Amino acid sequence: MRAMRLLVVEDDAEAAAYLAKGLRESGYVVDHADNGMDGLYMATNEPYDAIVLDRMLPRLDGLAVVETLRKAGKQTPVLILSALGEVDARVQGLRAGGDDYLAKPYAFSELLARLEALLRRGEGQTQQTRLQVGDLELDLLGRHVTRAGKPITLQPREFRLLEYLMRHAGQVVTRTMLLENVWDYHFDPQTNVIDVHVSRLRQKIDKDFDSPLIHTIRGAGYCLRESD
C-alpha cells in the first residue's frame, strides 16, 4: 500500500520539525515549506494527499494559499493551523477553502485524528461520482438530481445538504454534523436554518412520491433511507 504524502507549510522551524517527526513516525511521507510562496508552488505542482497549513506565514498568508489552490481547481484536503482560535477566525479559514481548522496549541493526537478523517473523506469522494438511495440519484459531476427519473432542481445549499445526507444514508445525522459539514459552522448559531432547509428539501424530494426518504429522528436529527 502506498504511503500517504503530506505537505507541511509552517514557518516556525521548531514546530515544523516536531510536526514532521510525528507524522513520519505515524507512517506518512512528509515534505516541508517554511513560507507561503514555496508552499503554494509545491502544493500546485506535487500530488499531495493532504496539506497541513499554518495560517500566519511569511511571503504569502495561509488563507491566500488555500484560496489560490481552490481557484486553481486543486481539491487537496487542507488542515489549517492557527494561534487565532476565535469563532470568526475559524469560520474565515473554512470559508477560504480549508477543510478543517485546529487552534494552537494543539495535541498531536488530535491533529493526527483530524488528518486521518480528512484523508478518509478525500478517498471516498474521489471514488464516487454518483450517489443513489432507492430511486433517488445524485450526479456529483453534472450536479443533477432525479427521483424515479424525474429531474429535481435544487439550490446550491440544498444540493450540498442532500449530498451529505446521501453519503450518510441509513445513519442518523445530527444537527451538529450538518452545521459543521454543510454550513461550515463549528458552533451552533441557534437558528432554525437547518429545519428550514430540510423542510424545503422534503418538498422537492418527497412531496410528490409515495414513500418519504428523509426521516426525522426525534431528539437526534435526520436520516435519509428507504421507508420500511
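Along every chain, residues carry numbers that run from 1 in the direction the sequence is written. In keeping with the model being predicted, local features are shown solely for residues with a pLDDT of at least 70 and side-chain atom pairs are shown and tallied solely at 80 or more, while totals for entire chains, interfaces and linings include all residues. Processing note: side-chain calculations cover all non-hydrogen atoms of the structure and skip hydrogens and water entirely.

Where an unreviewed UniProt entry is consulted, the protein chain appears under the name Two-component system, OmpR family, response regulator, with the organism given as Rhodospira trueperi.

Helix axes are fitted only over the stretch in contact, all axes being lines through C-alpha atoms; the angle between N-to-C directions runs from 0 to 180 degrees. By definition, any uninterrupted DSSP run of H or I lasting at least four residues is a helix, any uninterrupted run of E lasting at least two residues is a strand, and each is numbered from the N terminus. Across the interface, helix α6 (residues 156-167) lies against helix α8 (residues 193-205) with an axial gap of 10 Å and an inter-helix angle of 85 degrees. When the interaxial angle is binned, α6 and α8 end up roughly perpendicular. Between α6, through Arg-157, Glu-158, Leu-161, Leu-162 and Leu-165, and α8, the contact on the second element is made entirely by His-197, Val-198, Arg-200, Leu-201, Lys-204 and Ile-205. Of the residues belonging to the contact of α6 with α8, the class tally is 6 nonpolar, 1 polar and 4 charged. Relative orientations are named as follows: roughly parallel for angles under 35 degrees, roughly antiparallel for angles over 145 degrees, roughly perpendicular for angles from 65 to 115 degrees, and oblique for any other angle. Whether two residues are in contact is decided by their heavy atoms: any pair within 4.5 Å suffices. Throughout this entry, Asp, Glu, Lys and Arg are counted as charged residues, while Ala, Val, Leu, Ile, Met, Phe, Trp, Tyr, Cys and Pro are counted as nonpolar. The remaining residues, Gly among them, count as polar.

Read from one edge to the other, the open sheet built from 5 strands follows the order β2-β1-β3-β4-β5, with strand pairing classed as parallel. At either margin of the open sheet sits one strand with a lone partner, and together these are β2 (29-33) and β5 (100-103). The average undirected angle you get between the axes of adjacent strands in this sheet is 20 degrees. In this analysis, strands are considered paired if DSSP registers two or more bridges between them. Examined bridge by bridge, strand β4 (residues 78-82) and β5 share 4 bridges and lie parallel to one another. In the sheet register, Ile-80 faces β5, and the bridge partner there is Tyr-101.

With that out of the way, let us pick up the confidence of the model for the protein chain. Detailed reading of the predicted coordinates is not advisable wherever pLDDT is low. Predictor confidence is given residue by residue as pLDDT, running from a minimum of 0 to a maximum of 100. Looking at the protein chain as a whole, the pLDDT averages 89, with 94% of positions reaching at least 70. Mean pLDDT across the elements of the protein chain ranges from a minimum in helix α5 (residues 108-127), with 79, to a maximum in strand β3 (residues 50-54), with 97.

Turning to its location among the elements, Leu-40 is positioned in helix α2 (residues 36-45). Measuring from C-alpha to C-alpha, the distance between Leu-40 and Thr-68 comes to 8.0 Å, with 28 residues separating the pair along the chain. In this view, Leu-40 contacts Leu-60, Val-65, Thr-68 and Leu-69; residues no more than four positions away in its chain are not counted.

Domain annotation for the protein chain reports domain 1 (5-120) and domain 2 (130-224). Counting residues at the interface gives 6 residues for domain 1 and 4 residues for domain 2. By definition, the buried area sums, over both parts, the 1.4 Å-probe accessible area that each loses when the two are put together. Buried area between domain 1 and domain 2, summed over both chains or domains, comes out near 480 Å², and the portion from carbon and sulfur atoms is 61%. Among the residues domain 1 hides against domain 2, the three largest losses belong to Arg-90, Leu-94 and Arg-95. Together they make up 61% of the total. Whenever two N or O atoms come within 3.5 Å, that pair is a polar contact, provided that in protein one can donate a hydrogen and the other can accept it, and provided that, for residues adjacent in sequence, both atoms are side-chain atoms. Counting the contacts that link domain 1 with domain 2 gives 0 residue pairs in polar contact (both at pLDDT 80 or more). At 5 residues, the largest contribution of residues to the side of domain 1 that touches domain 2 is made by helix α4 (residues 87-95). When its residues are assigned to classes, the side of domain 1 that touches domain 2 shows 3 nonpolar, no polar and 3 charged. Just so you know, the domain bounds were taken from an automatic or database domain assignment.

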